[in-house]
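Chain residues, written in single-letter form:
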Amino acid sequence: MDLFAHDSEIGWDALGGGVSRKVMSYSDALMVVKVRFETGSIGMQHKHPHTQISYVAAGRFEYTIGDRTVIVESGDTCLIPPDILHGCLCLEKGVLIDSFTPAQEDFLPIQTPRSGSR
């Protein structure tokens, strides 16, 4: 597993609708992902069995977790428990740093070894 991930060496994966993702460091138990949003982009409502913490690195977002909707901005965080419906609307172009435990295996390319090697 790589101990260091250099941002300049990892490309963005376009997800559509003004949203891009780059998987940074990960192991079986933990993953860090950068998600870039254009103003007006939507992080569609979804849920997963992972615990997630999102850190707002830049921008402003209307974030919904379950039945709560809150505006979060640069420096703020939110905790998403497993299997809770959540999503966001980007109010001002920005970047979220998402941490997942365990890792979101579906974010990894099929040819990437499970160990996290690059």
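For the structure given in this document, a descriptive report is provided here. (Residues numbered from 1 in each chain as written. Predicted model: local features only at pLDDT ≥ 70, side-chain atom pairs only at ≥ 80, totals over all residues. Heavy atoms only, no water.)

## Notes on the overall build of the chain
In step 1: In terms of regular secondary structure, the chain is built from zero helices and eight strands.
In step 2: Going from the N terminus to the C terminus, the chain shows its helices and strands as β-β-β-β-β-β-β-β.
In step 3: Its C-alpha atoms give the chain principal-axis dimensions of roughly 35 × 30 × 25 Å.
In step 4: In the chain, buried positions account for 37% of the 118 residues.
In step 5: By sequence separation, contacts in the chain at least 24 residues apart represent 63% of the contacts at least 6 residues apart.
In step 6: Looking at charge distribution, the chain has the averaged site of its 10 positive side-chain charges lying 2 Å from that of its 15 negative ones. (Helix = DSSP H or I, 4+ residues; strand = E, 2+ residues; numbered from the N terminus. Buried < 20%, exposed > 50% of the residue type's maximum accessible area, 1.4 Å probe, protein only. Contact = heavy atoms within 4.5 Å. Lys, Arg positive; Asp, Glu negative; His and termini not counted. Charge placed at Lys NZ, Arg CZ, Asp CG, Glu CD.)

## Some points on the environment of D13
In step 1: Mapped onto the elements of the fold, D13 is located in strand β1 (residues 13–16).
In step 2: Under the relative-accessibility criterion, D13 is labelled partly exposed at 42%.
In step 3: Remark: the alpha-carbon pair of D13 and K47, spanning 34 residues in sequence, is separated by 21 Å.
In step 4: Apart from the residues lying within four places of it in its own chain, the contact partners of D13 are V19, S20 and R21.

## Some points on the layout of surface pockets
In step 1: In this structure, the largest pocket encloses a volume near 400 Å³.
In step 2: Lining the largest pocket we find 24 residues, and of these L15, R21, G43, H46 and F107 sit closest to its centre.
In step 3: If you list the elements that add at least two residues to the lining of the largest pocket, you get β1, β2 (19–26), β3 (31–37), β4 (42–46), β5 (51–65) and β8 (86–101).
In step 4: For the lining of the largest pocket, the element with the most residues is β8, which contributes six residues.
In step 5: Looking at side-chain class alone, the lining of the largest pocket contains eleven nonpolar, nine polar and four charged residues. (1 Å grid on protein atoms, 1.4 Å probe; cavity = no way out; pocket = protein on both sides within 12 Å on 5 of 7 lines; lining within 4 Å. Points joined across faces, edges and corners; volume = space filled by probe spheres on them. Nonpolar A, V, L, I, M, F, W, Y, C, P; charged D, E, K, R; others polar.)

## What to know about the state of the cysteines
In step 1: As enumerated under the stated definition, the model contains zero disulfides in all.
In step 2: Looking at C78, it has no disulfide partner, and the nearest cysteine sulfur is the one in C88, 8.3 Å off.
In step 3: Overall, C78 belongs to the buried group, its relative accessible area being 13%.
In step 4: There is no disulfide at C88, and the cysteine sulfur nearest it, in C90, is 7.3 Å away.
In step 5: For C88, a relative accessible area of 8% translates into the label buried. (Disulfide = S-S within 2.5 Å.)

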